[in-house]
Amino acid sequence: DAGITQSPRHKVTETGTPVTLRCHQTENHRYMYWYRQDPGHGLRLIHYSYGVKDTDKGEVSDGYSVSRSKTEDFLLTLESATSSQTSVYFCAISVAGGSTTGELFFGEGSRLTVL
Amino acid sequence: TQLLEQSPQFLSIQEGENLTVYCNSSSVFSSLQWYRQEPGEGPVLLVTVVTGGEVKKLKRLTFQFGDARKDSSLHITAAQPGDTGLYLCATQTGANNLFFGTGTRLTVIP
């Protein structure tokens, strides 16, 4: 158990509203990631963080922003949600501090529905 | 074209049967990971293979990395209902991205 908690676990919102998903870890790992999972696409990286205030874009970053003001929390924000952002969002951490093999431990996911 | 092609996409078998799922690519990988994801949960790492030709066993699961490090297979012996889930292969692309295949969804019928 890598001590990852995501919140909320489920959310339904309307198009155009802002949404923030939170990922909390208890073990002080440096690298944290946000992925989205959609049928036919697998898991795709949105943004990742390699330390407090250090973040970078992933494969599908358009429409998303992130913040990491302290080690344990990594926030994903949809400034103005769209229906194409309906998905299941997973937070992950690399317990080896970004090892060359990139092994990840995932949270339980946050299911977001944008109407 | 996906970097990682997984096949079959869906597989439904009876308890006790054997099965093999595949992860293929035209690219050479430094390493490859296999994850299993159960409904409503996040993926869980099963194994990492690093060396061409490497075989790793995890109870009834056997993982093999191709000699050329372009493909991998997962063989399950005597499948059980608890093996039901989405099996994902993944490889590192760049310094900080793990790229996932679209997975094989396995159902083991009691």
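Residues numbered from 1 in each chain as written. Chains lettered and ligands numbered in written order. Predicted model: local features only at pLDDT ≥ 70, side-chain atom pairs only at ≥ 80, totals over all residues. Heavy atoms only, no water.

1. Some points on the confidence of the model for chain A
Here's step 1: For chain A, per-residue confidence averages 92 on the pLDDT scale, and 93% of positions sit at 70 or higher.
Here's step 2: Within chain A, the element-level pLDDT minimum falls on strand S5 (residues 42-51) of chain A, averaging 92, and the maximum on strand S8 (residues 73-78) of chain A, averaging 98. (pLDDT = per-residue confidence, 0-100. Helix = DSSP H or I, 4+ residues; strand = E, 2+ residues; numbered from the N terminus.)

2. Quick notes on unusual backbone geometry
Here's step 1: A cis amide bond, omega -10 degrees, links Ser7(A) with the succeeding residue Pro8(A).
Here's step 2: The topology assignment puts Pro8(A) in the loop between strand S1 (4-7) and strand S2 (10-13).
Here's step 3: Cis geometry marks the peptide bond from Ser7(B) to Pro8(B), where omega comes out at -10 degrees.
Here's step 4: Note that Pro8(B) resides in the loop between strand S1 (5-7) and strand S2 (10-14).
Here's step 5: Although it is not a glycine, Arg69(B) sits at a positive phi angle of roughly 60 degrees.

3. Re the pairing of strand S7 (residues 61-65) of chain B
Each regular strand displays side chains that alternate between the two surfaces of the sheet.
Residues and elements named next belong to chain B.
Here's step 1: Residue alternation in S7 divides its side chains into a buried set, Leu 61, Phe 63 and Phe 65, and an unburied set, Thr 62 and Gln 64.
Here's step 2: Looking at chain direction, strand S6 (residues 55-58) and S7 are connected through 4 bridges and run antiparallel. Counted as the bridge partner of Leu 58 is Leu 61 from S7.
Here's step 3: Connecting the antiparallel pair S6 and S7 is a turn made up of 2 residues, with Lys 59 showing a positive phi of about 55 degrees.
Here's step 4: Between S7 and strand S8 (residues 71-76), which follow one another and run antiparallel, lie 5 residues, and Arg 69 among them has a positive phi close to 60 degrees. (Buried < 20%, exposed > 50% of the residue type's maximum accessible area, 1.4 Å probe, protein only. Pairing = 2+ DSSP bridges.)

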